[in-house]
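# Understanding the architecture of this molecule
For reference, the chains in residue letters:
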Amino acid sequence: MRTIEQYLPDHPFFAELDAATLALVAGCATNLSLHAGEYLCREGDPADRFFVVRRGRVAIEIHDPAAGTLVLDTADEGDVVGWSWLVPPYLSTFDARAAEATGVVAFNGECLRGKCEEDPHLGYELMQRVTKVMNGRLVAAQVRLLDLYGNRGATDAAPR
């Protein structure tokens with residue numbers, strides 16, 4: 001297995017960051033292994049980390065009292081999970097659970113925010129990258145909503 005420092009330059013989320021910046025970011029990271037069913041974060045808990053999936057799969061979930069747990073999306077090898085570490089009040093907006101044995105690189109949000117304060121260029125670069133992840137999740141949610149409700153709207157609008 002490659003070290004975090006060896007892994008980051010090849011990951012699209014960190015593409016085009018120079019070696020010094022990658023070293024700063026890697027200084028805030030650790031490798032974690034999770035068993036199936038273990039949570040990376042829980043909705044409403046402090047959002048103190050984000051994750052890059054190295055292997056396995058992470059289910060991004062919400063809980064509906066009437067319907068139970070709903071999977072909003074999944075993250076597979078190479079995907080990024082979590083953006084709430086960057087957005088005050090730094091609380092997780094969903095659950096993220098290992099759907100199978102999973103290995104992730106976990107980045108300490110407080111450590112990264114401190115480095116972003118010291119280096120606004122790093123902050124801007126990370127903000128751009130996190131925003132891209134957020135946009136991808138929103139587009140995926142939009143597609144799922146259209147799948148669930150798209151035909152209903154056409155039926156409701158049809159003349160009777």
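Scroll up to find the structure.
Let us look at the structure shown here. All residue numbers refer to position in the chain's written sequence, counted from 1. Given that this is a predicted model, residues contribute local features only at a pLDDT of at least 70 and side-chain atom pairs are listed and counted only at 80 or more, while totals for whole chains, interfaces and linings are drawn from all residues. Only hydrogens and water are set aside; all other atoms, that is, all heavy atoms of the structure, feed into the side-chain values.

### Comments concerning the environment of C41
For clarity, the cut-off: Where helices and strands are cited, they refer to DSSP runs of H or I of at least four residues and of E of at least two residues respectively, numbered from the N terminus. Throughout this description, buried means an accessible area under 20% of the type-specific maximum (1.4 Å probe, protein chains only), exposed means over 50%, and partly exposed covers the range between. A contact between two residues is defined here by any heavy atoms of the two lying within 4.5 Å.
By secondary structure assignment, the location of C41 is in strand 2 (residues 39–41). Exposure remark for C41: the relative accessible area of 15% places this residue in the buried category. In the structure, C41 is positioned 52 residues away from T93 in sequence and 9.2 Å away in space, judged by C-alpha atoms. In contact with C41, not counting residues within four places along its chain, are S92, F94, D95 and A96.

### Some points on the side chain of E61
The test is simple: Distance and chemistry together define a polar contact, namely a pair of N or O atoms within 3.5 Å, with one atom able to donate a hydrogen and the other to accept it when in protein, and with adjacent residues in sequence counting only for side-chain atoms on both sides.
Counting through the fold element by element, E61 comes out in strand 4 (residues 57–64). For E61, the side chain forms a polar contact with the side chain of R97, separated by 2.5 Å.

### Brief notes about the environment of C116
Among the secondary structure elements, C116 is positioned in helix 3 (residues 109–118). Sequence separation of C116 and M127 is eleven residues, and the distance between their C-alpha atoms is 9.6 Å.

### Quick notes on the sheet that holds strand 8 (residues 102–108)
Just so we agree on the cut-off: Pairing between strands is defined by DSSP: at least two bridges between them are needed. Structural elements are reduced to axes, namely lines fitted to C-alpha atoms, with helices fitted over the stretch in contact, and the angle between N-to-C directions of any two is expressed from 0 to 180 degrees.
As summarised here, the arrangement of the four strands in space is 1-8-3-6, forming an open sheet in which the pairing is antiparallel. Whereas interior strands pair on both sides, the edge strands pair on one side only; in this sheet they are strand 1 (29–34) and strand 6 (80–81). Across the sheet, helix 3 lies against strand 3 (49–55) and strand 8, angled at about 45° from strand 8, the strand it touches most.

### What to know about the sheet that holds strand 5 (residues 68–76)
One open sheet accounts for four strands, arranged 2-7-4-5; its pairing is antiparallel. Every other strand in the sheet has two partners, leaving strand 2 and strand 5 as the edge strands with one partner each. This sheet shows a mean twist of 30° between the axes of neighbouring strands, independent of strand direction. Two elements, strand 4 and strand 5, share eight bridges in a ladder whose sense is antiparallel. Across the sheet, the residue bridging to R57 is D76, located in strand 5.

### A closer look at unusual backbone geometry
Of note, the amide linkage connecting P88 to P89 takes the cis form, showing an omega dihedral of 15°. Tracing the backbone shows P89 in the loop between strand 6 and strand 7 (95–98). Positive phi values are uncommon outside glycine, yet E16 reaches one of about 70°. Checked against the element boundaries, E16 lands in the loop between helix 1 (4–7) and helix 2 (19–26). Owing to a relative accessible area of 82%, E16 belongs among the exposed residues under this scheme. A positive phi angle is found at Y90, which is not glycine, with a value near 60°. Checked against the element boundaries, Y90 lands in the loop between strand 6 and strand 7.

### Some remarks on the packing of aromatic side chains
Where we set the bar: Geometry of aromatic contacts follows a simple scheme: Phe, Tyr and Trp rings, the Trp one being its six-membered ring, pair when their centres are within 6.5 Å, and the pair is stacked under 30 degrees between planes, edge-to-face over 60, tilted otherwise. Throughout this description, the term charge over a ring refers to an Arg CZ or Lys NZ atom that lies within 6 Å of the ring centre and within 35 degrees of the ring normal.
Scanning all chains against the criterion turns up six aromatic pairs. Taking the centre distance of 4.9 Å and the plane angle of 80° together, the rings of F13 and F14 count as edge-to-face. Judged by its relative accessible area of 6%, F13 is buried. What makes F14 buried here is its relative accessible area of 1%. Ring pairs connect the aromatic residues F13, F14, F50, W85 and F107, which therefore count as one cluster. When the ring centre of Y39 is taken as origin, the NZ or CZ atom of R42, which lies over that ring, is 3.8 Å away. For the cation-ring pair, R113 lies above Y90, with the distance from its terminal atom to the ring centre recorded as 3.9 Å.

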